[in-house]
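The residues making up each chain are set out below.
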Amino acid sequence: MNPPTHVLFILTYRCNLRCPYCVVFNPVRYWRPDDDVAIPPALAREELTTQQIVERVIPQCEQAGVEVIALTGGEIMVRKDAREIFRALGDSKLKWCIDTNLTFCTEEVAETIIDAGCDTVFASLDGPPEIHNKLRASPRAYKTFTEGLARLMHARAAAAESKTSVALNCVVQAGNEAAVCDVVRIAAEYGVDSVSFQLCSKLDYGEVFQADVATQALAAARELAKSLGLRMSVFPIPDPTPADLTSWFSSPPSAAFFQGCSYIYSSLRIDPSGNVIPCVEHRIGNILEEDLLDIWRGSVYESFRAQIMKTPIKACLRCCNMDSRQGSNPGIESIHPVQTN
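As the structure is a computational prediction, the values presented were derived from the model and not from experiment.

**With respect to a negative patch on the surface**
Turning to step 1, where the next piece is worked out: A surface patch of like charges, here negative, comprises E107, E108, E111 and D115.
Turning to step 2, where the next piece is worked out: For E108, the position within the fold is in helix α3 (residues 107–115).
Turning to step 3, where the next piece is worked out: Judged by relative accessible area, E108 falls into the partly exposed class, the value being 42%.

**Focus: the packing of helix α1 (residues 50–64) against helix α2 (residues 82–90)**
Turning to step 1, where the next piece is worked out: Remark: α1 packs on α2, axes separated minimally by 10 Å, with the N-to-C direction vectors making an angle of 20 degrees. In terms of orientation, α1 lies roughly parallel with respect to α2. Crossing geometry of α1 relative to α2 is assigned as right-handed. Along its contact with α1, which presents T50, I53, V54 and I58, the element α2 presents E84, I85, A88 and L89.
Turning to step 2, where the next piece is worked out: Class assignment of the residues belonging to the contact of α1 with α2 gives a composition of six nonpolar, one polar and one charged.

**Concerning the side chain of S138**
Turning to step 1, where the next piece is worked out: Within the secondary structure, S138 sits in the loop between α4 (129–136) and α5 (141–158).
Turning to step 2, where the next piece is worked out: Once residues within four sequence positions are removed from consideration, S138 is found in contact with L17 and N133.

**Some words on the state of the cysteines**
Here, the word disulfide means a covalent bond between the sulfur atoms of two cysteines.
Turning to step 1, where the next piece is worked out: Counted according to the given criterion, the structure contains zero disulfides.
Turning to step 2, where the next piece is worked out: In this structure C279 is not part of a disulfide, and its nearest cysteine sulfur, from C316, lies 6.1 Å away.
Turning to step 3, where the next piece is worked out: For the unlinked cysteine C320, the closest cysteine sulfur is that of C319, found at 5.0 Å.
Turning to step 4, where the next piece is worked out: When its relative accessible area of 10% is taken as the criterion, C320 is described as buried.

**Observations concerning the pattern of salt bridges**
Turning to step 1, where the next piece is worked out: Within this structure, the stated rule accounts for twelve salt bridges.
Turning to step 2, where the next piece is worked out: Residues D81 and R79 are paired through a salt bridge, measuring 2.7 Å at the closest nitrogen-oxygen approach. Judged on exposure class, the residue D81 and its partner R79 are both buried.
Turning to step 3, where the next piece is worked out: The salt bridge involving D193 is made with R156; its shortest N-O contact spans 2.6 Å. In this pair, D193 is assigned in the loop between α6 (180–190) and β6 (194–199) and R156 in helix α5, connecting sequence segments 37 residues apart.
Turning to step 4, where the next piece is worked out: Through salt bridges with shared partners, a single network forms among R14, E47, R79 and D81.

**Structural notes on the sheet that holds strand β10 (residues 285–286)**
Turning to step 1, where the next piece is worked out: With mixed pairing, ten strands are arranged side by side in an open sheet as β7-β6-β5-β4-β3-β2-β1-β8-β9-β10. Sheet topology places β7 (231–235) and β10 at the edges, where each strand pairs with a single neighbour.
Turning to step 2, where the next piece is worked out: Two strands pair when backbone bridges link them, and strand β5 (residues 165–172) and β6 are joined in this way by six bridges, in the parallel orientation. Pairing of C170 across the sheet is with F197, part of β6.
Turning to step 3, where the next piece is worked out: The strands touched by α5 within the sheet are β4 (120–124) and β5, with β5 carrying the most contacts at an inclination of about 155 degrees.

The rules behind each value
Residues numbered from 1 in each chain as written. Predicted model: local features only at pLDDT ≥ 70, side-chain atom pairs only at ≥ 80, totals over all residues. Heavy atoms only, no water. Patch = residues over 30% accessible without salt bridge, like charges linked within 9 Å, V, L, I, M, F, W, Y side chains within 5 Å. Areas by Shrake-Rupley, 256 points an atom, 1.4 Å probe, with all protein chains shown as cover. Salt bridge = Lys/Arg side-chain N within 4 Å of Asp/Glu carboxyl O. Lys, Arg positive; Asp, Glu negative; His and termini not counted. Charge placed at Lys NZ, Arg CZ, Asp CG, Glu CD. Helix = DSSP H or I, 4+ residues; strand = E, 2+ residues; numbered from the N terminus. Buried < 20%, exposed > 50% of the residue type's maximum accessible area, 1.4 Å probe, protein only. Axes fitted to C-alpha atoms, helices over the stretch in contact; angles between N-to-C directions. Parallel < 35°, antiparallel > 145°, perpendicular 65-115°, else oblique. Left-handed = near helix turned anticlockwise from the far one by under 90°. Contact = heavy atoms within 4.5 Å. Nonpolar A, V, L, I, M, F, W, Y, C, P; charged D, E, K, R; others polar. Disulfide = S-S within 2.5 Å. Pairing = 2+ DSSP bridges.

Right, dumping it as structure tokens:
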């Protein structure tokens, strides 16, 4: 078994927003343990300390041969030690990226992100002001987002040199189907490098999704992004048709898109308490108790892999990391956002 190449590190489940589609706060949690998996659930009761992250998690990832570590939440910047963690990652040999709603991106935080050499910042935007605020359940969400984005772009521009790429990520869902071109325009206005559109992952879709509208809007957004010199991607279905989107947003989910899983052979996740989880919240070990490579190659993870390859669980059918019939999601697997923030 080759070592893991990508680690998704969930720094915290805390967040200042309560987006109804979030895989953390949705009442029907997407990552919830599955009754059909004979592995105990992971219960993240406490968050790892700064020292545990800097002296254990990051070195373990380096020693295991991990290439990329992606920080997500919750909202990672609610942690008061976020800047210290960023600096520690900057001092490591790892590539690293972050998912954020940018609410807490002060000038100091923005400068640290750039100075520490973050490879990619994925900033979450659901549409223009009225749509973003509605889907984020906050009347100030768009204002605080754009203020944080402006600080981040200013910090990058002020740096003598910077390798940090900034991307906007939009979760396509009922309520913003027609707004994807607006996201591209906002990206161009603030000078970001790319835009990604992620099809919403839910166990059950109760809302009516306008598949025809979304298909036309995504096609128009692709042309607009090309004309503006922006990179654009859609995942996990790179070029969806109306029939694809109708099927994706249907309940109960069909297995039409699932063609196996490569994620569990290249990636793992670490929750806020240090539990190592494959994707859904099943505890296959804890990084404070065992070395990461031992967990990765251990019998518990092997058992999970065998079960998923034989019989996928419900969450597999709408996973953003799936190998769909139209291909895997683009780019480095862990350098794309998670449906949070």
